[in-house]
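A look at the structure
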Amino acid sequence: IVALARGATSFTSTNIRPPRQMRTNSKFSQLLLMRTATAISASRSSSNSHPSPPTTTDNSNDVCIRILCLHGKGGNGKQFVDTSLLPLRSLLETRVANLELECNVSFRWDELTAPYEISPPGDGNDGGYSWWTLPPGVRSYNADEYEGFEKSADMVMEKVFPPEQSTVNKTDIILGHSQGAILTSALLSIHDKLWRSSNSTPKGYILNGVAWPNPYRKSLSSLSTQQQCPETADESLLVLPRMLFIMGEKDNINPTKSAMQVHDAFQAAKLDVSIVNHAGGHSVPVARDEDSTRALEEVVDWIVDIAKEKATSC
C-alpha cells in the first residue's frame with residue numbers, strides 16, 4: 001500500500017465544446033461548480049488512477065495541458081488531486097468547455113507523493129508524507145537545512161524532464177501547495193532549466209501558501225543576476241515563465257509576509273508574477289463563498305490563458 005501511495009499517477013479531464021455562453025455570475029457559478037464536482041466525484045468511484053482517454057475522431061487537433069501537482073506536508077498526491085483540487089478542476093473544466101477554440105483542450109493532472117512518511121496509510125486514507133524532514137519546532141522558513149531534500153528534488157526533476165521527454169508529454173504547469181510550493185521555489189532557484197525558455201520548460205508555476213525556502217535563500221536572492229542573458233543573446237526572444245502566488249489573509253501556517261519574500265525575489269528576476277489574494281487561510285480556495293469563488297475564478301483565468309496559448313499551435 002505504501003508503495004502504491006508513493007507512486008506517480010495522473011488524472012485526465014476532457015473538454016467537449018458546446019456553443020459559447022456568457023460567463024456565469026457568482027451564484028450560478030457556485031451551483032454549476034457543485035453539480036460538476038458531484039459528477040466528477042461519481043466518476044472517480046470506479047477508477048481513480050487511470051481514467052479512459054478522451055474520445056475523439058481526430059487526435060491531431062487535441063491539446064493536453066499537463067499540470068504536475070505537489071502536495072503539502074502531511075498530505076499525499078492522490079488526496080491532493082482528488083479532494084483539495086476538486087473545486088479548481090471542476091471550474092476549470094467548465095470554463096474551458098465554454099470556449100470556442102480551434103482544437104479540443106483537456107487537462108492531465110499528474111501527481112507525486114513525497115518520499116518521507118509521517119503517518120501510515122489506513123482507515124480509508126493513503127497516509128501522510130513530507131518532502132523533507134526538520135527537527136522539532138523548526139519551520140521551513142527558518143530552517144538551515146532540509147534533510148532529504150535531494151531525493152525529493154530528483155523525483156520532481158525526473159518527472160518534469162524524463163529521458164523520453166517530447167513536446168507531447170511535457171509538463172505545462174507545476175502547482176505546489178505549502179511544502180510542495182516551497183519545494184518548487186527552491187528548485188527554481190537552483191535549476192535554471194526550469195525557467196529558461198525552451199520547448200521542455202514549464203510555462204507556469206502556481207504557488208499556494210508558499211514560504212521562504214531558507215536553506216536556499218542565497219540562490220533565490222541572487223536569481224536577478226542568474227537570469228541575465230549573454231551579451232550575444234537577443235533578450236526579446238527570452239520568454240520567462242509565469243508565476244501565480246495564491247495567498248490567504250488568514251494563513252497562520254505560512255504567513256503572507258513570507259510568501260511575499262518569495263514573490264519579490266522572482267519579481268526581481270523579471271519573471272511574470274501575479275497574486276491572487278483571498279480572505280481564507282492556508283488551503284487552496286474551494287469556492288464555498290463569494291470571496292473564495294472569486295479567487296478560484298482568477299486562478300482558472302490564469303490557467304486558461306496558458307491553455308489558449310498552447311491551443312494556438314493547433
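Residues numbered from 1 in each chain as written. Predicted model: local features only at pLDDT ≥ 70, side-chain atom pairs only at ≥ 80, totals over all residues. Heavy atoms only, no water.

**A closer look at the packing of aromatic side chains**
Where we set the bar: The aromatic pairing rule takes the rings of Phe, Tyr and Trp, using the six-membered ring of Trp, and pairs them if the centres are within 6.5 Å, calling planes under 30 degrees apart stacked, those over 60 edge-to-face and the rest tilted. Helix and strand assignments follow DSSP, with helices taken as H or I runs no shorter than four residues and strands as E runs no shorter than two, numbered in order from the N terminus. Exposure is judged per residue with a 1.4 Å probe applied to protein chains only, and the accessible area is read against the type maximum: over 50% gives exposed, under 20% gives buried, and values in between give partly exposed. In this scheme, Lys NZ or Arg CZ marks a charge over a ring once it lies within 6 Å of the ring centre and within 35 degrees of the ring normal.
All told, the structure shown has five aromatic pairs when counted by the stated rule. When the centroid spacing of 6.0 Å and the interplanar angle of 45° are considered together, the rings of tryptophan 132 and phenylalanine 149 count as tilted. One end of the pair, tryptophan 132, is in the loop between β5 (128-130) and α5 (149-160); the other, phenylalanine 149, is in helix α5, and 17 residues separate them in sequence. The same class applies to tryptophan 132 as to phenylalanine 149, namely buried. Ring geometry for tyrosine 146 against phenylalanine 149: centres 6.2 Å apart, planes inclined by 45°, an arrangement best described as tilted. Here tyrosine 146 matches phenylalanine 149 in class, with each residue buried. The side chain of lysine 193 reaches across the aromatic face of phenylalanine 161, ending 4.3 Å from its centre.

**Brief notes about the packing of α5 against helix α6 (residues 179-190)**
Axes are the key here: two packed helices are described by the angle between their axes and the distance separating the axes. To be explicit about the condition: Every axis in this analysis is a line fitted to C-alpha atoms, fitted for helices over the stretch in contact. Angles between the N-to-C directions lie between 0 and 180 degrees. Every angle not falling under 35 degrees, over 145, or within 65 to 115 is termed oblique; those three ranges are roughly parallel, roughly antiparallel and roughly perpendicular. Only heavy atoms matter for contacts: two residues are in contact if any of them lie within 4.5 Å across the pair. Here the term charged refers only to Asp, Glu, Lys and Arg, the term nonpolar to Ala, Val, Leu, Ile, Met, Phe, Trp, Tyr, Cys and Pro, and the term polar to all other amino acids, Gly among them.
Relative orientation of the contacting elements α5 and α6 amounts to 80°, with a least axis distance of 11 Å. Our classification of the angle between α5 and α6 gives roughly perpendicular. Only Leu183, Ala186, Leu187 and Ile190 of α6 make contact with α5, whose side of the interface consists of Phe149, Ser152, Ala153 and Val156. Classifying every residue of the contact of α5 with α6 gives seven nonpolar, one polar and no charged.

**Let's talk about the side chain of serine 292**
Stated precisely, the cut-off is as follows: We define a polar contact as two N or O atoms separated by no more than 3.5 Å, with the added condition that, inside protein, one atom must be a possible hydrogen donor and the other a possible acceptor, whereas residues neighbouring each other in sequence contribute only through side-chain atom pairs.
For serine 292, the position within the fold is in helix α10 (residues 290-311). On the accessibility criterion, serine 292 (10% relative accessible area) is buried. Side-chain polar atoms of serine 292 contact the backbone nitrogen of alanine 287, separated by 3.3 Å. When residues no more than four places from it in sequence are discounted, the contact partners of serine 292 are Pro285, Val286 and Ala287.

**Regarding the confidence of the model for the chain**
What counts here: Confidence of the predictor at the level of single residues is captured by pLDDT, which takes values from 0 to 100.
Predicted confidence across the chain gives a mean pLDDT of 81, with 73% of residues reaching 70 or more. Contacts of residues 14-58 to residues separated by more than four positions or lying in other chains number 62 contacts, the stretch itself having pLDDT below 50. Contacts of residues 229-234 to residues separated by more than four positions or lying in other chains number two contacts, the stretch itself having pLDDT below 50.

**Details of the environment of leucine 101**
Assignment of secondary structure puts leucine 101 in the loop between α4 (86-97) and β3 (104-112). The exposure class of leucine 101 is buried, given its relative accessible area of 18%. A sequence separation of 207 residues divides leucine 101 from lysine 308, and the C-alpha atoms of the two residues are 7.8 Å apart.

**A short note on empty space enclosed by the protein**
Applicable threshold: Buriedness of a pocket was judged along seven lines, with at least five required to meet protein on both sides within 12 Å; pockets are open sets of points on a 1 Å grid over the protein atoms alone, cavities are sets where a 1.4 Å probe fits but cannot get out, and lining residues have an atom within 4 Å of a point. Grid points are joined across faces, edges and corners, and a volume is the space filled by probe spheres set on the points.
What the rule picks out here adds up to two cavities of 30 Å³ or more. Taken together, Leu85, Leu88, Leu175, Ile206, Asn208, Ile246, Val284, Leu296 and Val299 make up the lining of the largest cavity. The residue makeup of the lining of the largest cavity, split by class, is eight nonpolar, one polar and no charged. Taken together, Leu70, Val156, Met157, Val160, Ile174, Thr184, Leu187, Leu188, Leu194 and Tyr205 make up the lining of the second largest cavity. Elements supplying a minimum of two residues to the lining of the second largest cavity: α5 and α6. Among the residues making up the lining of the second largest cavity, the classes are represented as nine nonpolar, one polar and no charged.

**Observations regarding α5**
Note on helix geometry: an α-helix contains 3.6 residues per turn, so any two residues three or four positions apart are oriented the same way. Going by this rule: Between the first and last residue of a helix there are one fewer steps than residues, each counted as 1.5 Å, and that sum is the expected span. Working note: the arc is built from the helix axis to C-beta atom directions.
With 12 residues, α5 extends 17 Å from end C-alpha to end C-alpha; this agrees with the ideal 16 Å at 1.5 Å per step. Those residues of α5 not exposed but buried are Phe149, Ser152, Ala153, Val156, Met157 and Val160. Taken around the axis of α5, the buried residues stretch over an arc of 130°, which confines them to a single face. Away from its buried face by more than 90 degrees, α5 exposes Glu150 and Glu158. On its buried face, α5 is in contact with β2 (62-70), β3, β4 (116-119), β6 (173-177) and α6.

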